[in-house]
Amino acid sequence: MTQSNRDLFSRAGERMPGGVNSPVRAFKSVGGDPFFAQRAEGAYLWDVEGKRYIDYIGSWGPMIAGHAHPEVLEAVRAVMGNGLSFGVPNALEVEMAEALCRIVPSCEMVRMVNSGTEATLSAIRLARGATGRPRIVKFEGCYHGHGDSFLVKAGSGALTLGVPDSPGVPKALADLTSTLPYNDFEAATQLFSEVGGEIAALIVEPIVGNANCILPHEGYLQHLRQLCERHGAVLIFDEVMTGFRVALGGAQERYGVRPDLSTFGKIIGGGMPVGAYGGKAELMRQVAPSGPIYQAGTLSGNPVAMAAGLATLKLIQAPGFHQRLEAATHRLCDGLEAAAREAGVTFSTSRSCAMFGMYFRESPATSFAEAVGSDVAAFRRFFHAMLEEGVYVAPSAFEAGFLSSAHGEDEIAATVEAARRAFAKVAAG
Ligand code: PMP
């Protein structure tokens with residue numbers, strides 16, 4: 001018996017806040033009801049009513065090798081017969097730690113956790129514990145999970161739903177988070193000159209994927225590196241989204257900047273719940289049990305999650321993997337821009353390898369203020385027109401899009417074709 005999206009959402013709304021387990025899924029900012037996934041394979045997602053979508057979300061990032069990749073599924077099958085969780089160390093955790101440290105040279109040691117949120121929370125605790133300082137610096141529109149210290153001018157769902165500062169975060173704690181405008185050199189210099197001695201850590205999405213897809217100005221990440229160096233603060237790159245996606249070694253490889261700590265998630269779990277933080281050994285050794293800074297997890301290093309993550313990491317290390325993805329992203333974004341031009345719609349894109357942003361404005365945003373100034377009503381119309389065409393982009397004007405290696409010429413051509421019709425609808429108003 002087929003279930004309908006509508007019935008499921010109605011049932012969900014009775015028993016789950018907003019009918020979902022994570023806010024952006026609810027389509028609140030674009031209107032309408034979400035669909036319920038039945039299955040996914042390669043670049044495609046099917047809903048419970050049998051409708052097929054070309055998927056540009058990829059579970060919000062993990063599925064860089066495409067959904068249900070046979071090698072990832074096989075790796076999971078191979079380990080799950082041995083048991084789902086042990087609560088004692090297992091060999092796959094060691095393999096994962098070694099793989100992460102090999103791929104990301106700034107990571108000399110890592111700790112596995114169960115989500116990106118846990119990774120960022122743990123990283124700032126470590127920075128605070130190691131420096132003995134209280135203050136955290138983040139950027140407007142950056143999202144680092146839902147930890148109290150980060151829900152201050154936050155991006156992603158907080159921005160999409162218009163609640164970038166959440167009730168329930170004690171003022172005393174929020175006061176310890178300073179926010180800066182991303183890509184503003186002078187504002188960062190100024191803040192550090194005022195309160196540099198209080199700053200435990202500066203945390204940044206090196207490419208802001210939670211306020212669309214804002215790329216750093218040339219030298220900006222290096223500037224942040226220098227400020228942290230000069231003032232004794234820990235530089236944290238939150239690579240939960242960019243890690244293993246914008247280059248094999250993440251944004252830090254792409255831009256040649258070495259953070260003190262990095263946070264990861266998404267791809268390293270291959271679709272299973274995972275996060276990690278890692279960095280300089282002198283910092284990581286301060287984490288319990290080798291050091292006094294406490295952090296733990298019943299399911300951390302879960303063997304099934306490690307197997308899925310390791311299989312995914314193996315796939316993305318194939319020669320030319322990221323070059324092919326980058327070429328596909330350019331094909332897609334060039335095609336979208338051309339389709340918008342034909343329809344007379346003001347539109348632009350930003351790209352970084354397998355990640356892209358779509359802007360209903362003349363040029364891609366370089367700041368948070370520019371990102372929120374784009375034409376959200378036009379995005380809404382575009383989103384629904386694409387959905388009707390069977391193309392699923394993020395249900396928010398403030399989320400990056402993701403490609404996978406399963407997005408081939410056919411999928412991209414079909415997407416651009418769909419976009420032609422969608423932009424015509426946007427133009428018609
Ligand atoms: N940091 C960044 C950059 C993210 O994009 C996200 C989630 N989209 C997180 C942290 C939080 O990760 P999670 O949802 O796994 O807790």
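Residues numbered from 1 in each chain as written. Predicted model: local features only at pLDDT ≥ 70, side-chain atom pairs only at ≥ 80, totals over all residues.

Digging into the overall build of the protein chain
At step 1: Within the protein chain, the secondary structure is distributed over 15 helices and 14 strands.
At step 2: Relative to its length of 429 residues, the protein chain is compact, with a C-alpha radius of gyration of 21 Å against a globular reference of 22 Å.
At step 3: Projected onto the principal axes, the alpha-carbon positions of the protein chain cover approximately 60 × 55 × 50 Å.
At step 4: Sequence separation of at least 24 residues holds for 73% of the intrachain contacts in the protein chain that already meet a minimum separation of 6. (Helix = DSSP H or I, 4+ residues; strand = E, 2+ residues; numbered from the N terminus. Rg over C-alpha atoms; globule rule 2.2 N^0.38 Å. Contact = placed C-beta atoms within 7 Å.)

Thoughts on the site of the ligand
At step 1: Close to the ligand lie 17 residues, the nearest being S115, G116, T117, G145 and V240.
At step 2: In terms of residue count, helix α4 (residues 116-131) provides more of the shell around the ligand than any other element does, three residues in total.
At step 3: Residue classes in the shell around the ligand are distributed as four nonpolar, eleven polar and two charged. (Near = placed C-beta within 6 Å. Nonpolar A, V, L, I, M, F, W, Y, C, P; charged D, E, K, R; others polar.)

With respect to the sheet that holds strand β13 (residues 391-392)
At step 1: Spatial ordering of the open sheet is given by β1-β2-β3-β13, a layout of four strands whose pairing is mixed. At either margin of the open sheet sits one strand with a lone partner, and together these are β1 (37-41) and β13. (Pairing = 2+ DSSP bridges.)

Quick word on helix α2 (residues 70-80)
At step 1: Turning to α2, its buried residues are V72, A75 and V79. Projected down its long axis, α2 shows its buried positions confined to an angular sector of 60 degrees, all on one face. Facing away from the buried side of α2 by more than 90 degrees, the exposed set consists of P70, E74, R77, A78 and M80. (Buried ≥ 20, exposed ≤ 12 C-beta atoms within 10 Å, placed from the backbone. Arc of directions from axis to C-beta.)

Focus on the sheet that holds strand β14 (residues 401-402)
One key point about sheets: their strands pair by backbone hydrogen bonds, in either a parallel or an antiparallel sense.
At step 1: An order of β11-β12-β14 is seen for the three strands of this open sheet, with the pairing classed as antiparallel. Since the sheet does not close on itself, it has two edges, and those belong to β11 (348-352) and β14, each with one partner.
At step 2: Direction of pairing for strand β12 (residues 355-359) relative to β14: antiparallel, over a ladder of two bridges. By the bridge assignment, F356 is partnered in β14 with G401.
At step 3: Against the sheet, helix α12 (residues 321-343) contacts β11 and β12, and its axis sits at roughly 175 degrees relative to β11. (Axes fitted to C-alpha atoms, helices over the stretch in contact; angles between N-to-C directions.)

A closer look at the nonpolar core
Generally speaking, nonpolar side chains in soluble globular proteins are found buried as a group.
At step 1: Among the nonpolar cores identified, the biggest contains 132 residues, and A127, A201, L202, V234, I236 and A276 are the most heavily contacted of them.
At step 2: In terms of residue count, the dominant contributor to this core is helix α11 (residues 303-316) (eight residues).
At step 3: Apart from the residues within four sequence positions on either side, A127 is in contact with A200, A201, V234, I236 and L261. (Core = buried A, V, L, I, M, F, W, Y, C linked by C-beta atoms within 7 Å.)

Here's the deal with the pairing of β12
At step 1: Within β12, five of the five residues are buried, leaving the element largely enclosed by the surrounding structure.
At step 2: Here β12 shows no split at all, with M355, G357 and Y359 on one side and F356 and M358 on the other all buried.
At step 3: One ladder, built from five bridges, connects β11 with β12; its direction is antiparallel. Residue pairing across strands places T349 opposite M358, the latter belonging to β12.

Considering the domain arrangement of the protein chain
At step 1: If you check the domain split of the protein chain, you get domain 1 (5-68 + 320-428) and domain 2 (70-316).
At step 2: The straight-line distance from the C-alpha centre of domain 1 to that of domain 2 is 25 Å.
At step 3: Residue-level contacts link 32 residues of domain 1 with 37 residues of domain 2.
At step 4: Elements with a contribution of two residues or more to the side of domain 1 that touches domain 2: α12, β11, β12 and α13 (368-372).
At step 5: Considering every element that reaches the side of domain 1 that touches domain 2, the biggest residue donor is β12, with four residues.
At step 6: Of the residues in the side of domain 1 that touches domain 2, the class split is 20 nonpolar, ten polar and two charged. (Domains from an automatic or database assignment.)

So, α11
At step 1: Between the first and last C-alpha of α11 there are 20 Å, a value that for 14 residues agrees with the 20 Å anticipated at 1.5 Å per step.
At step 2: A large share of α11 lies buried, amounting to eleven of its 14 residues.
At step 3: Looking only at α11, the buried set comprises P303, V304, A305, M306, A307, A308, G309, L310, A311, T312 and L313.
At step 4: Tucked inside the fold, the buried residues of α11 contact α2 and α3 (91-103). (Expected span 1.5 Å × (residues − 1).)

What about the UniProt feature "modified residue: N6-(pyridoxal phosphate)lysine" (unreviewed entry) in the protein chain?
At step 1: UniProt feature "modified residue: N6-(pyridoxal phosphate)lysine" (unreviewed entry): in the numbering of this structure it lies at K266.
At step 2: Looking at the secondary structure, you find K266 in the loop between β9 (261-265) and β10 (275-279).
At step 3: Owing to 28 C-beta atoms within 10 Å, K266 belongs among the buried residues under this scheme.
At step 4: Aside from chain neighbours lying at most four places away, what touches K266 is W60, G61, P62, G116, V240 and M241. (UniProt positions renumbered as here; feature names shortened; annotations may be inferred.)

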